[in-house]
Amino acid sequence: MNNCIFCKIVSKEVPSSIVYEDEELLAFNDINPIDKVHILIIPKEHIDSLLTCETKHSDVISKMLLLAPKLAKNNGLKGFRTMINTGKEGGQEVFHIHFHMYGGSEHLVKI
Ligand code: AMP
Ligand code: ZN
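Residues numbered from 1 in each chain as written. Chains lettered and ligands numbered in written order. Predicted model: local features only at pLDDT ≥ 70, side-chain atom pairs only at ≥ 80, totals over all residues. Heavy atoms only, no water.

Comments concerning the nonpolar core
Item 1. Core analysis: the largest hydrophobic core is formed by 17 residues, its most contacted members being Ile39, Ile41, Leu71 and Met101.
Item 2. Ranked by residues supplied to this core, first place goes to helix H2 (residues 58-74) with seven residues.
Item 3. When residues no more than four places from it in sequence are discounted, the contact partners of Leu71 are Val19, Tyr20, Ala27, Ile39, Ile41 and Met101.
Item 4. Among the nonpolar cores identified, the runner-up in size contains nine residues, and Phe6, Cys7, Ile9 and Leu40 belong to it. (Core = buried A, V, L, I, M, F, W, Y, C linked by side-chain atoms within 4.5 Å. Buried < 20%, exposed > 50% of the residue type's maximum accessible area, 1.4 Å probe, protein only. Helix = DSSP H or I, 4+ residues; strand = E, 2+ residues; numbered from the N terminus. Contact = heavy atoms within 4.5 Å.)

Printed below as a string of structure tokens:
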């Protein structure tokens, strides 16, 4: 049984604040935002993380990345950050690959 929270968001078993959906991708607001705008971009297909990505996933991964600037623009951002936490040691908590797209702070903390 698939017990993945993001798969349940894809199937709408778990409610979320969806901002974009197409055949392959879903984007929704992070439940615990770290910035004024904080959106998660996921593939509908379950992939654990970048560690388990294969060449066959190249197309969907590039679509996820190219969706980020569109969602940023829709949310009034002129610039934004992206983050991909990979593996437990990389701070990943949900093991369904996702890109964080966030921004909107007046004061940007450089890292
Ligand atoms: P990560 O550490 O990259 O795995 O981040 C997981 C992210 O998913 C965190 O920023 C959480 O706030 C977010 N998250 C977890 N559950 C939900 C949910 N049900 N709806 C929206 N965001 C969620
Ligand atoms: Zn999943």
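Here's the deal with the coordination of the zinc ion (ligand 2)
Item 1. The coordination sphere of the zinc ion (ligand 2), as far as protein atoms go, consists of Cys4 (SG), Cys7 (SG), His46 (ND1) and His96 (ND1), spread over 2.0 to 2.3 Å.
Item 2. Between the four donor atoms coordinating the zinc ion (ligand 2), the angles at the centre fall across 106 to 118°, so the site counts as tetrahedral.
Item 3. Overall, the relative accessible area of 0% leaves His96 in the buried class. (Donors = N, O, S within 2.8 Å, 3.2 Å for Na, K, Ca; no water. Tetrahedral: all angles 85-135°; square planar, octahedral: opposite > 155°, others 65-115°.)

Brief notes about the packing of aromatic side chains
Item 1. All told, the structure shown has one aromatic pair when counted by the stated rule.
Item 2. Taken together, a centroid distance of 5.3 Å and an interplanar angle of 80° make the contact between Phe6 and Phe28 edge-to-face. On the criterion of sequence distance, the pair formed by Phe6 in helix H1 (residues 5-10) and Phe28 in strand E2 (residues 25-29) is long-range, its members being 22 residues apart.
Item 3. A relative accessible area of 3% means that Phe28 is categorised as buried. (Phe/Tyr/Trp six-rings, centres within 6.5 Å; stacked < 30°, edge-to-face > 60°.)

Points about the pairing of strand E3 (residues 37-43)
Item 1. In terms of burial, E3 is a largely internal element, seven of the seven residues being buried.
Item 2. Burial along E3 is two-sided: the residues Val37, Ile39, Ile41 and Pro43 and His38, Leu40 and Ile42 are all buried.
Item 3. In terms of strand pairing, E2 meets E3 through five bridges, oriented antiparallel. Bridging across to E3, Leu25 finds its partner in Pro43.
Item 4. When E3 meets strand E5 (residues 99-103), the two strands line up antiparallel, connected through five bridges. Looking at E5, one finds that Ile41 is bridged to Phe99. (Pairing = 2+ DSSP bridges.)

With respect to the sheet that holds E2
Item 1. As summarised here, the arrangement of the five strands in space is E1-E2-E3-E5-E4, forming an open sheet in which the pairing is antiparallel. What marks the edges here is a single partner per strand, and that holds for strand E1 (18-21) and strand E4 (81-83). Neighbouring strand axes in the sheet, compared pairwise and without regard to direction, differ in orientation by 20° on average.
Item 2. The pairing of E4 with E5 spans three bridges and is antiparallel. (Axes fitted to C-alpha atoms, helices over the stretch in contact; angles between N-to-C directions.)

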